[in-house]
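# Close look at the chain arrangement
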Amino acid sequence: MFARAVGVIGTGYVGLTTGACLASLGHRVVCADIDENKINRLRQGDPVIREDGLAELVTEGIASGRLSFAVGAAAALAELAAEGTPAEVVFLCVPTPMGVGGVADLSAVEAVIEETRATLPTGCVVVNKSTVPVGTSVRTAELLDRADVGVVSNPEFLREGSAVHDFLHPDRIVVGSEQQDAAERVAALYARLGAPTVLTDAASAEMIKYAANCFLAMKLSYVNAIAELCERLDADVTDVTEGIGYDRRIGQSFLSPGPGWGGSCLPKDTHALLQVSDSVDFEFRLLRATIDTNIRQYQRMVDKIRLAVTGRRTGSLSRRRIALLGLTFKAGTDDLRNSPALDVAALLRQAGAELVAYDPAVDASDPRIDQNLVLVSDDPYVAAKNAEAVVVLTEWPEFRTLDWSRMAEQMDTPRVIDTRNLLDRDVLRRSAVEWVGLGRRAA
Ligand code: UDX
């Protein structure tokens, strides 16, 4: 394989994973970030974020000389140029947060282009990896205003927590551009992975990312609605999803009901596509319903908790002590952005409940947590003390192996509302803990 000189701008979970994995595939990669402190930590081999396998790849990359770090995009380009191998591909992996009205905020992308446009080597390719609105490649080319530089859209499909695995074992690689040679050059970076590659135009590549994430969100809202219906009709959602999942057109994955879907991608991307649809006068009702169903899901979790704790649909949660297991938006990450657990916590707090939480990835003194919302404990048994209910909000596997008899001893009322259907209800029954799941029949 022909190794390329690559710049990666932005060292979030997408950028750093991309950089470290491309280095492991044999390319020479310089990762850049504007955060000097972060770059210093990365240079010491500390990946800053929690991502399986990333620390090892960063350490190996540094040791092999294929991976290094620079403060700022211009410095990354200069480092490659100084080695006599000017950047051939530059990945933009900077945040594109949800701005006003759900429109993606592209100021970080624009700032990098502004910083690098004069120094990008002739013939290099600028790649958008961030999820950007359809049409951004065209806009990027306009801002660059460099006929000698290619622009390619190469969306990522990395899940937080398994980003390294997803990068190295992709279901597909998507590369879109108006310039076929530039697209082929980017696709070649991944050649060793042997994944199916979709070569298309830039707008279609950008659309693929939105269409995939919105479909996943729709699948989850659908399954959450089916779980609610199961409760009303005395059916069991676990059997229902197993039964539909064997249909290869549906598939078994992404069918677990939960307290709502969240994270840094699905909420942002669903809103952004809705906004784009509005802008071209398309009323995307299915997508709007997907989002609305999710927002309603948080309140539905509170209603379930209220019923379990007070025995009444309209009972008061005021001053009722509730322990929360899990605060991150899913297991395997320390990311709290758009976490459904925090949305449910906020509604419980509004209803007057007193909340104590335990999460293996969140410290008691974590500055990201508002102490007025929820107190965090470093010990699940302490969190459960005097609680009238324990609510499982994140599917951390270790919650399954807690000593549930000991948990029950701590609690005021041994009761669990398991919004992830995570725990083994037989174990809980043997520990004399009442268990309420989502869409499950009474055992
Ligand atoms: C997602 C996409 O999966 C990924 O392809 C894209 O690049 C970025 O967005 P991520 O946000 O890391 O990845 O999380 P993901 O594992 O997809 O989970 C999203 C949300 O759905 C989480 O809140 C998760 O708990 C929830 N979820 C997922 C369920 O409730 N049930 C499931 O069966 C799967």
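Computed from a predicted model, the values in this text were never measured in an experiment.

## Re the pattern of salt bridges
Enumeration according to the criterion identifies 28 salt bridges in this entry. Here the salt bridges do not stand alone but share partners, grouping Glu228, Glu231, Arg232, Arg296, Arg300 and Lys304 into one network.

## A look at the site of the ligand
Around the ligand lies a shell of 20 residues, among which Glu160, Ser256, Cys265, Lys330 and Arg420 are the nearest. At 3.5 Å from an oxygen atom of the ligand is found a side-chain nitrogen or oxygen belonging to Lys209. Backbone polar atom of Gly262 to an oxygen atom of the ligand: 3.0 Å apart, as the coordinates give it. For the ligand, the accessible surface in isolation is 650 Å², of which the surrounding protein chains cover 92%. Tallied by class, residues from the shell around the ligand come to 11 nonpolar, 3 polar and 6 charged.

## Details of the environment of Val382
With respect to the secondary-structure elements, Val382 resides in helix H14 (residues 380–383). Each C-alpha atom of the pair Val382 and Ser279 lies 51 Å from the other, and the pair is 103 residues apart in sequence.

## Considerations on the packing of aromatic side chains
One pass over the full model with this rule turns up 3 aromatic pairs. For Arg172, the ring lying beneath its charged end belongs to Phe157, and the centroid distance is 3.5 Å. In this arrangement the basic side chain of Arg406 is found over the ring face of Tyr381, its NZ or CZ atom lying 3.8 Å from the centre.

## Some points on helix H1 (residues 13–24)
Between the first and last C-alpha of H1 there are 16 Å, a value that for 12 residues agrees with the 16 Å anticipated at 1.5 Å per step. Burial runs high along H1: 11 of the 12 residues are buried. Of all the positions in H1, only Tyr13, Val14, Gly15, Leu16, Thr17, Thr18, Gly19, Ala20, Cys21, Leu22 and Ala23 are classed as buried. Once H1 ends, the next one or two residues include Gly26, with phi positive near 110 degrees.

Conventions used here
Residues numbered from 1 in each chain as written. Predicted model: local features only at pLDDT ≥ 70, side-chain atom pairs only at ≥ 80, totals over all residues. Heavy atoms only, no water. Salt bridge = Lys/Arg side-chain N within 4 Å of Asp/Glu carboxyl O. Near = heavy atom within 4 Å. Polar contact = N/O pair within 3.5 Å; in protein donor to acceptor, adjacent residues only side chain to side chain. Areas by Shrake-Rupley, 256 points an atom, 1.4 Å probe, with all protein chains shown as cover. Nonpolar A, V, L, I, M, F, W, Y, C, P; charged D, E, K, R; others polar. Helix = DSSP H or I, 4+ residues; strand = E, 2+ residues; numbered from the N terminus. Phe/Tyr/Trp six-rings, centres within 6.5 Å; stacked < 30°, edge-to-face > 60°. Lys NZ or Arg CZ within 6 Å of the ring centre and 35° of its normal. Expected span 1.5 Å × (residues − 1). Buried < 20%, exposed > 50% of the residue type's maximum accessible area, 1.4 Å probe, protein only.

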